[in-house]
Amino acid sequence: MRLLLIGAPGSGKGTQAARLAERFGIAHISSGDLLRQHVRDGTSIGQRIRSYVDKGDLVPDSVVLDMLRKPVVAAVEAGGYVLDGFPRTVEQAQASFPVAHALGVEVQAAIHLDVGRDELVRRLLTRGRGSDDTTEVIEHRLQVYLDKTVPLLEYYANREWMFSVDGAKPPDDVHEDIVARLVKMAAFAGWAHEVSPDRAAPG
Ligand code: ADP
């Protein structure tokens, strides 16, 4: 199974991705976590991108694309992925599609976690993750989301493999909503075995 999670900062992408990974036995790949790890480890990528991440700006596309290729291919060989945080722009979607298609690792379903702005700000202010979670940076990241990622949602809007769920509900409810939509979509698109009860162990 190959899934994308798209949502604003604070929409719960990380939480939902972790649950989907566990439920379906697929790898959770978070572009933000991988980038922050590079910064912490002081790798050459980390040094190059630190100021972007700290300011809440998007890291250059080539860095993210190169960073993700190996983990995505490895995940597909091991059963699938849920990708959290990528693609974040129309350009990233357009750049990655031919590569993913050629490698046979393109996405089967994209999930949009829909959460209103007030709730996003409330969650982000209580999260306190570090240097990219100050009030100013949070405001900036929300603006980057509006400018760059909302157009991506519009770009994907008519695709039958994309759907939105209400991300303001409690995490368990959001998870069940996502699974229900995936089961329906899988039946329709011919990958029902991938979300079968055997595979989708409850809890
Ligand atoms: P959130 O879900 O709170 O927005 P993420 O962990 O997804 O946070 O991302 C944190 C930071 O990592 C972003 O602000 C950005 O600097 C960088 N980043 C993550 N994914 C991408 C991406 N696909 N393209 C460019 N930069 C990214």
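Let us look at the structure shown here. (Residues numbered from 1 in each chain as written. Predicted model: local features only at pLDDT ≥ 70, side-chain atom pairs only at ≥ 80, totals over all residues. Heavy atoms only, no water.)

### Structural notes on the overall build of the chain
When helices and strands are counted, the chain shows eight helices and five strands. Taken over C-alpha atoms, the radius of gyration comes to 16 Å for the chain, in line with the 17 Å a tight globule of 203 residues would show. In terms of principal-axis extent, the alpha carbons of the chain reach across some 45 × 35 × 30 Å. Expressed as a percentage of the 203 residues in the chain, the buried residues total 44%. On the chain, roughly 10,200 Å² of surface is accessible, and the fraction owed to carbon and sulfur atoms is 53%. Charge separation in the chain, taken as the distance between the mean sites of 24 positive and 28 negative side-chain charges, equals 2 Å. (Helix = DSSP H or I, 4+ residues; strand = E, 2+ residues; numbered from the N terminus. Rg over C-alpha atoms; globule rule 2.2 N^0.38 Å. Buried < 20%, exposed > 50% of the residue type's maximum accessible area, 1.4 Å probe, protein only. Areas by Shrake-Rupley, 256 points an atom, 1.4 Å probe, with all protein chains shown as cover. Lys, Arg positive; Asp, Glu negative; His and termini not counted. Charge placed at Lys NZ, Arg CZ, Asp CG, Glu CD.)

### Brief notes about the side chain of Gln16
As for its position among the elements, Gln16 is in helix H1 (residues 13-24). At 3.4 Å, the side chain of Gln16 and the backbone nitrogen of His175 are in polar contact. (Polar contact = N/O pair within 3.5 Å; in protein donor to acceptor, adjacent residues only side chain to side chain.)

### Points about helix H7 (residues 135-156)
Between its terminal C-alpha atoms H7 stretches 30 Å, which fits the 32 Å expected from 22 residues at 1.5 Å a residue. The axis of H7 is deflected most strongly, by about 35°, at Leu146. For H7, every residue scored as buried is listed here: Val137, Ile138, Arg141, Leu142, Val144, Tyr145, Thr149, Leu152, Leu153 and Tyr156. Residues of H7 that are buried make contact with strand S1 (2-7), helix H3 (44-55), helix H5 (90-103), strand S4 (109-114), helix H6 (117-127) and strand S5 (162-166). (Expected span 1.5 Å × (residues − 1). Bend = angle between axes of the 7 residues up to and from the residue. Contact = heavy atoms within 4.5 Å.)

### Structural notes on the environment of Ser96
As for its position among the elements, Ser96 is in helix H5. The exposure class of Ser96 is buried, given its relative accessible area of 14%. For Ser96 and Asp166, which are 70 residues apart along the polypeptide, the C-alpha to C-alpha distance reads 27 Å. If we skip the residues at most four places from it in the chain, Ser96 touches Leu65 and Phe86. Within polar-contact distance, the side chain of Ser96 engages the backbone oxygen of Gln92 at 2.8 Å.

### Observations regarding the environment of Thr15
Here Thr15 shows up in helix H1. When its relative accessible area of 42% is taken as the criterion, Thr15 is described as partly exposed. For the pair Thr15 and Asp84, spaced 69 residues apart in sequence, the C-alpha to C-alpha distance is 9.8 Å.

### Focus on the packing of aromatic side chains
In total, this model carries two aromatic pairs according to the counting rule given. Ring geometry for Tyr155 versus Tyr156: centroids 5.7 Å apart, planes at 40°, classification tilted. Among the aromatic residues, those joined into a cluster by ring pairs are Tyr155, Tyr156 and Trp161. Sitting above the plane of the Tyr155 ring, Arg159 keeps its charged end 4.9 Å from the centroid. (Phe/Tyr/Trp six-rings, centres within 6.5 Å; stacked < 30°, edge-to-face > 60°. Lys NZ or Arg CZ within 6 Å of the ring centre and 35° of its normal.)

### Brief notes about the pattern of salt bridges
Close approach of charged atoms allows side chains of opposite charge to pair. Across all of its chains, the model carries nine salt bridges by this definition. We note a salt bridge from Asp66 to Arg69, for which the minimum N-O separation is 3.9 Å. Residue Asp66 and its partner Arg69 are located together in helix H4 (residues 61-77), separated by three residues, close to a single helical turn. Classification of Arg69 by relative accessible area gives partly exposed; the value is 39%. A salt bridge links Glu139 to Arg117; the nearest nitrogen and oxygen atoms lie 2.9 Å apart. Here Arg117 lies in helix H6 and Glu139 lies in helix H7, a separation of 22 residues in the sequence. On the basis of relative accessible area, Glu139 is assigned to the partly exposed category, the value being 38%. By relative accessible area, Arg117 is classed as partly exposed at 39%. (Salt bridge = Lys/Arg side-chain N within 4 Å of Asp/Glu carboxyl O.)

### Here's the deal with the site of the ligand
Taken together, 19 residues lie near the ligand, and Lys13, Ser31, Asp57, Arg88 and Arg141 sit nearest. Measuring from an oxygen atom of the ligand, one finds a backbone N or O atom of Asp57 at 2.6 Å. At 2.8 Å, a side-chain N or O of Gln92 approaches a nitrogen atom of the ligand. Considered on its own, the ligand offers 550 Å² of accessible surface; in the complex 96% of this is hidden by protein. Residue assignment for the shell around the ligand shows that the elements contributing at least two residues are helix H2 (31-41) and H3. No other element matches the four residues that H2 contributes to the shell around the ligand. Considering only residue class, the shell around the ligand consists of eight nonpolar, four polar and seven charged. (Near = heavy atom within 4 Å. Nonpolar A, V, L, I, M, F, W, Y, C, P; charged D, E, K, R; others polar.)

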